[in-house]
Amino acid sequence: MAGDAERQLDRADRLQRAVARDGPACVWCGRELTGLVRPTTDHLVPRVKGGPSWLENEVAACRRCNGERGHASPVDWLLECRGRGWPADPAWLRRRLEELDAAVTARGGQRRARPYVQAQLRRVRRLTGTA
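Residues numbered from 1 in each chain as written. Predicted model: local features only at pLDDT ≥ 70, side-chain atom pairs only at ≥ 80, totals over all residues. Heavy atoms only, no water.

So, on to the pairing of strand β2 (residues 58–62). Here is the key point about a regular strand: its side chains alternate between the two faces of the sheet. With 5 of 5 residues buried, β2 lies mostly within the body of the structure. The side-chain alternation of β2 yields two buried faces, one formed by Glu-58, Ala-60 and Cys-62 and the other by Val-59 and Ala-61. Where strand β1 (residues 39–43) lies against β2, 5 bridges are found, and the strand directions are antiparallel. If you follow Thr-40 over to β2, its bridge partner there is Ala-61. (Buried < 20%, exposed > 50% of the residue type's maximum accessible area, 1.4 Å probe, protein only. Helix = DSSP H or I, 4+ residues; strand = E, 2+ residues; numbered from the N terminus. Pairing = 2+ DSSP bridges.)

Shown next as structure tokens:
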């Protein structure tokens, strides 16, 4: 089953796949993930909020953005990034959250993460003007 295989990826494999999916730049600030700007996996739903270590919940971010974001919600951090003039994309975040919501629905469980994802989806849909 593909879902089971995705869950079993180790951290390094998830990071590699997140960079391949999200591109070679930080999804928040746009800095190239090369040289001294090393990629990290940033959890959309923070671990302290019940976020799983699944590829669908992780995005490629630079260490600076990952650290500064801390436990802020993805929509709050997106708005902060936009305020700083960084190219964080609300449509991209909507797609990532929709993929995470679908993964949570398909796999079940995640009783803490599910309402968090759905609340973030409502907020980002208002930002993007989509239902």
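Scored by pLDDT, the protein chain comes out at a mean of 92, with 94% of its residues at no less than 70. In this model, residues 1–6 is a region of pLDDT below 50 whose contacts with residues beyond four sequence positions or in other chains number 4 contacts. (pLDDT = per-residue confidence, 0-100. Contact = heavy atoms within 4.5 Å.)

The nonpolar side chains of a soluble globular protein tend to be buried, and buried together. If you look at the biggest cluster of nonpolar residues, it comprises 33 residues, and the most contacted ones within it are Cys-26, Trp-28, Cys-62, Cys-65 and Leu-93. When residues of this core are traced back to their parent elements, those giving at least two are β2, α4 (74–83), α5 (90–107) and α6 (113–128). Ranked by the residues each element gives to this core, the list is headed by α5, at 6 residues. Apart from the residues lying within four places of it in its own chain, the contact partners of Cys-65 are Cys-26, Trp-28, Cys-29, Trp-77 and Trp-86. (Core = buried A, V, L, I, M, F, W, Y, C linked by side-chain atoms within 4.5 Å.)

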